[in-house]
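Next come the chains, spelled out residue by residue.
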Amino acid sequence: MHNELDRPAPGVATRVDTSAQLSDRRDSLRLRTVYRVARVHAHGRCGLARVHNLSNEGLMLSSQLQVGLGSPIAIDLSETCTLGGHVAWHDGARCGVRLSAPIDSRAVLRDLYAEQTNAKSRHLRLPMERIVVVTSELGIQIARARDISQRGIKLVHDGRFTAGLHVKVQIAPELERRGVVRWSHDGVAGCILTEYLSIEDLWSI
């Protein structure tokens with residue numbers, strides 16, 4: 001026989017958390033330290049940011065991109081992984097993003113690691129069109145930079161650049177980087193930078 005006190009009162013919902021359910025809840029709240037570079041899109045602009053932590057519901061990042069409370073924002077953790085959400089808070093240097101849909105943060109980070117260790121993986125690129133000065137054994141040339149990442153730059157040139165050519169690219173008056181042409185065809189060359197660019201460098205241009 002069941003005691004009447006064991007029954008829930010009318011209209012009162014009861015919930016029993018099993019150990020598995022409690023584990024799932026704790027996992028959804030857990031912040032996973034990341035320290036990863038991401039590409040962010042907000043207000044029609046894009047730039048690179050540092051992701052500091054990630055959970056199933058949101059993330060925290062630092063970026064010079066201006067955002068406001070409630071602003072929609074997209075975060076590219078890689079060229080194949082994009083998260084969308086809204087700015088929940090910001091203090092000028094950092095901001096918190098609440099994701100539009102929950103994720104399995106542990107699985108996402110596992111997939112990103114596997115992708116990063118793939119020989120064909122590419123660093124996040126930013127769209128860019130600007131005139132640069134390129135110095136090489138061919139002399140000094142004016143070229144046009146198109147797309148840039150921390151470790152690479154695409155150059156539109158006069159057709160003489162060939163794979164293996166060592167170059168020094170003046171991207172801005174006080175910003176130069178050395179690199180090597182990896183491929184070149186139809187007047188466009190992909191250059192690997194042997195001196196990496198920082199996030200701050202990229203924001204400066």
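On to the overall build of the protein. Counting its secondary structure elements, the protein contains three helices and 12 strands. For the protein, the proportion of its 205 residues judged to be buried stands at 40%. Restricting to contacts in the protein with at least 6 residues of sequence separation, those with at least 24 account for 49%. As displayed, the protein offers around 12,600 Å² of accessible surface, 51% of which is attributable to carbon and sulfur atoms.

Strand order in the closed barrel formed by six strands is β1-β2-β3-β6-β5-β4, and the pairing between neighbours is antiparallel. In this sheet, neighbouring strand axes are inclined to one another by 45° on average, regardless of whether the strands run parallel or antiparallel. Here five bridges tie strand β3 (residues 58-62) to strand β6 (residues 94-99), and the two strands are oriented antiparallel to one another. Across the sheet, the residue bridging to G58 is R98, located in β6. Here helix α2 (residues 105-116) sits on the sheet and contacts β1 (32-42) and β2 (45-54); the angle it forms with β1, its principal contact strand, is near 80°.

Okay, the nonpolar core next. Core analysis: the largest hydrophobic core is formed by 49 residues, its most contacted members being L61, I75, L77, I153 and L155. Not counting the four nearest positions on each side in its chain, L77 is found in contact with R36, V37, A38, V51, L83, V108, L112 and L124.

Moving on, we get to the side chain of S55. On the secondary structure map, S55 appears in the loop between β2 and β3. By relative accessible area, S55 is classed as buried at 6%. Only 3.2 Å separates the side chain of S55 from the backbone nitrogen of E57, close enough to count as a polar contact.

With that settled, the discussion passes to the pattern of salt bridges. It is possible for side chains bearing opposite charge to pair when their charged atoms get close. By the definition in use, this model includes 10 salt bridges. Of the charged contacts in the structure, one is a salt bridge between E79 and R39, with a shortest N-O distance of 3.0 Å. Taken together, the residues span a long stretch of sequence, with E79 in the loop between β4 (72-76) and β5 (82-90) and R39 in strand β1 at a distance of 40 residues. Taking relative accessible area as the criterion, E79 reaches 31% and is therefore assigned partly exposed.

Assignment of secondary structure puts G96 in strand β6. We classify G96 as buried; its relative accessible area is 4%. Placed 37 residues apart in sequence, G96 and L59 show a C-alpha to C-alpha distance of 5.9 Å. If we ignore the near neighbours within four places in the chain, the residues touching G96 are L59, M60, H86, V87, A88 and W89.

In this sheet, β2 lies alongside β1 in antiparallel orientation, the contact comprising nine bridges. By the bridge assignment, A42 is partnered in β2 with R45. Hairpin remark: β1 followed by β2, antiparallel, with two residues in the connecting loop; positive phi at H43, about 55°. As paired elements, β1 and β4 share three bridges and run antiparallel to each other. Bridge assignment links V40 to a residue of β4, and that residue is I75.

What counts as what
- In every chain, residue numbers begin from 1 and rise along the written sequence.
- Confidence filtering applies because this is a predicted model: local features only for residues at pLDDT of at least 70, side-chain atom pairs given and counted only at 80 or more, and all residues used for totals across whole chains, interfaces and linings.
- Side-chain measures here rest on the full set of heavy atoms in the structure, leaving out hydrogens and waters.
- The way it works is that DSSP assigns letters per residue, a run of H or I at least four long becomes a helix, a run of E at least two long becomes a strand, and they are numbered from the N terminus.
- Burial classification: accessible surface area is computed with a 1.4 Å probe over protein chains only, and a residue below 20% of its type maximum counts as buried, one above 50% as exposed, and the rest as partly exposed.
- The criterion used for residue contact is that any of the two residues' heavy atoms lie within 4.5 Å.
- To measure how exposed things are, a 1.4 Å probe is used in the Shrake-Rupley method; for residues, cover is taken only from the protein chains shown.
- Only strands that DSSP links by at least two bridges are regarded as paired with each other.
- Axis definition: a line fit to C-alpha positions, over the contact stretch in the case of helices; interaxial angles, taken between N-to-C directions, run 0 to 180 degrees.
- In this text, buried Ala, Val, Leu, Ile, Met, Phe, Trp, Tyr and Cys residues form a nonpolar core when linked through side-chain atoms within 4.5 Å.
- Residues adjacent in sequence count toward polar contacts only when both atoms are side-chain atoms; beyond that, a polar contact is any pair of N or O atoms within 3.5 Å, and within protein one must be able to donate a hydrogen and the other to accept it.
- Take a side-chain nitrogen of Lys or Arg and a carboxyl oxygen of Asp or Glu: if they are within 4 Å of each other, that pair is a salt bridge.

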